[in-house]
Amino acid sequence: MEENKFKNYVLLHFIVFIWGFTAILGALISIEAIPLVWYRMLLATVFIALYFLWKKKTFKVDRLGVFKFFLTGIIIALHWVFFFMAIKESNVSVALVMMSTGAFFTSLIEPIFFKRKINVLEMFLGLLVIGGLYIIFNFESQYVLGIIYALIASFLGAVFSVLNGVFIKKYTASTISFYQLLFGVVFITAYLLLTNSFSLDFFQISAQDWMYLAILSSICTAYAFIASVQVMKYLSPYTVMLTINLEPIYAIILALFIFGEEEQMSSTFYLGAFVVLLVVLLNGIIKNKGPLKDNFLQRLSRKK
């Protein structure tokens with residue numbers, strides 16, 4: 001069990017690395033936030049449906065599950081809309097630094113669903129992460145609207161993260177992901193129909209945007225979404241949200257490779273990165289100190 005927990009913790013970091021590419025794609029794709037999320041969720045739903053057919057998985061789910069996934073599908077759709085709106089209104093750095101508040105929001109929400117007291121240490125660690133990311137980006141107050149959008153996205157992200165932590169106890173990750181993405185598409189489609197937003201221009205997308213949307217919906221959404229829900233069988237929603245705070249760092253590293261930026265990072269970046277990495281490491285040590293230590297000693301004895 002503990003070995004599976006460690007493997008899923010490593011997998012979580014890989015997923016966050018993939019998510020780091022999401023913000024870059026959001027900045028590269030030229031279409032607006034709402035159409036972007038609509039295409040993303042629609043294509044991801046198709047990819048997961050094909051996965052179901054390939055693996056011969058059942059689409060069957062109980063009525064209560066349908067209701068749960070309908071509500072969380074809306075939450076996820078709004079989360080992504082506000083996230084990409086934050087990027088469009090400000091920039092990737094501002095959006096991601098504010099998304100780091102997710103750990104703080106989760107520390108307040110998680111006790112309600114998991115019926116435990118608020119952990120002061122979790123709140124403190126979440127605030128430390130915010131401080132570390134603030135040091136890295138040192139954003140300016142001119143991006144007020146982008147900051148507000150990102151905070152809303154962060155709160156909504158914390159809500160569906162905690163809810164999925166509850167759902168995974170009864171449903172499979174692929175089932176949760178498929179129906180949440182499907183209902184997210186239904187919700188945005190209804191909005192677009194009510195606002196008469198569907199037009200010829202809506203479907204006229206450049207070849208480059210199609211390529212970015214394909215990567216965004218398949219690797220960064222369909223795969224990463226299922227995998228992220230799956231790891232919640234072994235990791236708490238708080239641990240997941242706290243680890244996601246590494247996304248800005250991964251995004252910057254990816255940007256250096258993709259955009260060919262050769263500039264030297266400032267000392268404040270390394271200071272902020274150190275704070276974030278230290279907090280994530282402390283979280284892992286505090287929650288897994290005994291089990292991980294025993295597991296490591298057992299493996300070491302086998303090698304000897």
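Rules used throughout
- Residues numbered from 1 in each chain as written.
- Predicted model: local features only at pLDDT ≥ 70, side-chain atom pairs only at ≥ 80, totals over all residues.
- Heavy atoms only, no water.
- Helix = DSSP H or I, 4+ residues; strand = E, 2+ residues; numbered from the N terminus.
- Buried < 20%, exposed > 50% of the residue type's maximum accessible area, 1.4 Å probe, protein only.
- Patch = residues over 30% accessible without salt bridge, like charges linked within 9 Å, V, L, I, M, F, W, Y side chains within 5 Å.
- Areas by Shrake-Rupley, 256 points an atom, 1.4 Å probe, with all protein chains shown as cover.
- Salt bridge = Lys/Arg side-chain N within 4 Å of Asp/Glu carboxyl O.
- Core = buried A, V, L, I, M, F, W, Y, C linked by side-chain atoms within 4.5 Å.
- Contact = heavy atoms within 4.5 Å.
- pLDDT = per-residue confidence, 0-100.
- Expected span 1.5 Å × (residues − 1).
- Phe/Tyr/Trp six-rings, centres within 6.5 Å; stacked < 30°, edge-to-face > 60°.
- Lys NZ or Arg CZ within 6 Å of the ring centre and 35° of its normal.

**What to know about unusual backbone geometry**
Link 1 in the chain: For Lys-56, which is not glycine, the phi torsion reads 55 degrees and is therefore positive.
Link 2 in the chain: You can see Lys-56 is positioned in the loop between helix H2 (33–55) and helix H3 (63–89).
Link 3 in the chain: With a relative accessible area of 76%, Lys-56 lands in the exposed category.
Link 4 in the chain: In this structure, Asn-196 takes a positive phi of about 55 degrees despite not being glycine.
Link 5 in the chain: The topology assignment puts Asn-196 in the loop between helix H8 (173–194) and helix H9 (207–230).
Link 6 in the chain: In this structure Asn-196 comes out as exposed when scored by relative accessible area, which is 67%.

**Points about a nonpolar patch on the surface**
Link 1 in the chain: Together, Leu-42, Val-46, Phe-47, Leu-50 and Leu-53 make up a nonpolar patch on the protein surface, roughly 430 Å² of accessible area in all.
Link 2 in the chain: Relative to the elements of secondary structure, Phe-47 occurs in helix H2.

**Some words on the nonpolar core**
Link 1 in the chain: Judged by nonpolar contacts, the single largest core of 88 residues is most densely connected at Met-41, Phe-69, Trp-80, Phe-83, Phe-84, Ile-188 and Leu-216.
Link 2 in the chain: With near-sequence residues (within four places) excluded, Met-41 lies in contact with Gly-73, Ile-76, Ala-77, Trp-80, Gln-180, Leu-181, Gly-184, Val-185 and Ile-188.

**Description of the confidence of the model for the protein chain**
Link 1 in the chain: With 81% of its residues at a pLDDT of 70 or more, the protein chain shows a mean pLDDT of 79.
Link 2 in the chain: This stretch, residues 290–304, has a pLDDT under 50; its non-local contacts, to residues over four places away or in other chains, come to 6 contacts.

**Comments concerning H2**
Link 1 in the chain: The end-to-end C-alpha separation of H2 is 33 Å, in line with the 33 Å expected for 23 residues at 1.5 Å each.
Link 2 in the chain: Phi turns positive, to about 55 degrees, at Lys-56, one or two residues after H2.

**Looking at the packing of aromatic side chains**
Link 1 in the chain: Taken as a whole and judged by the stated rule, the model has 22 aromatic pairs.
Link 2 in the chain: Relative to Phe-183, the ring of Phe-70 has its centre 5.5 Å away and its plane inclined at 80 degrees; by these criteria the two rings are edge-to-face. Of the two residues, Phe-70 sits in helix H3 while Phe-183 sits in helix H8, which places them 113 residues apart along the sequence.
Link 3 in the chain: According to the relative accessible area criterion, Phe-70 is partly exposed, its value standing at 32%.
Link 4 in the chain: Ring centres of Phe-202 and Phe-203 lie 5.1 Å apart, and the angle between their planes is 70 degrees; on these two criteria the pair is classed as edge-to-face.
Link 5 in the chain: Here a set of aromatic residues connected by ring pairs shows up, and it is made of Tyr-51, Phe-52, Phe-59, Phe-69, Phe-70, Phe-167, Tyr-171, Phe-178, Tyr-179 and Phe-183.
Link 6 in the chain: Here the guanidinium or amino end of Arg-40 rests over the ring plane of Trp-80, the centre of that ring lying 3.9 Å away.
Link 7 in the chain: One cation-aromatic arrangement involves Lys-55 over Trp-54; the distance from NZ or CZ to the ring centre is 4.5 Å.

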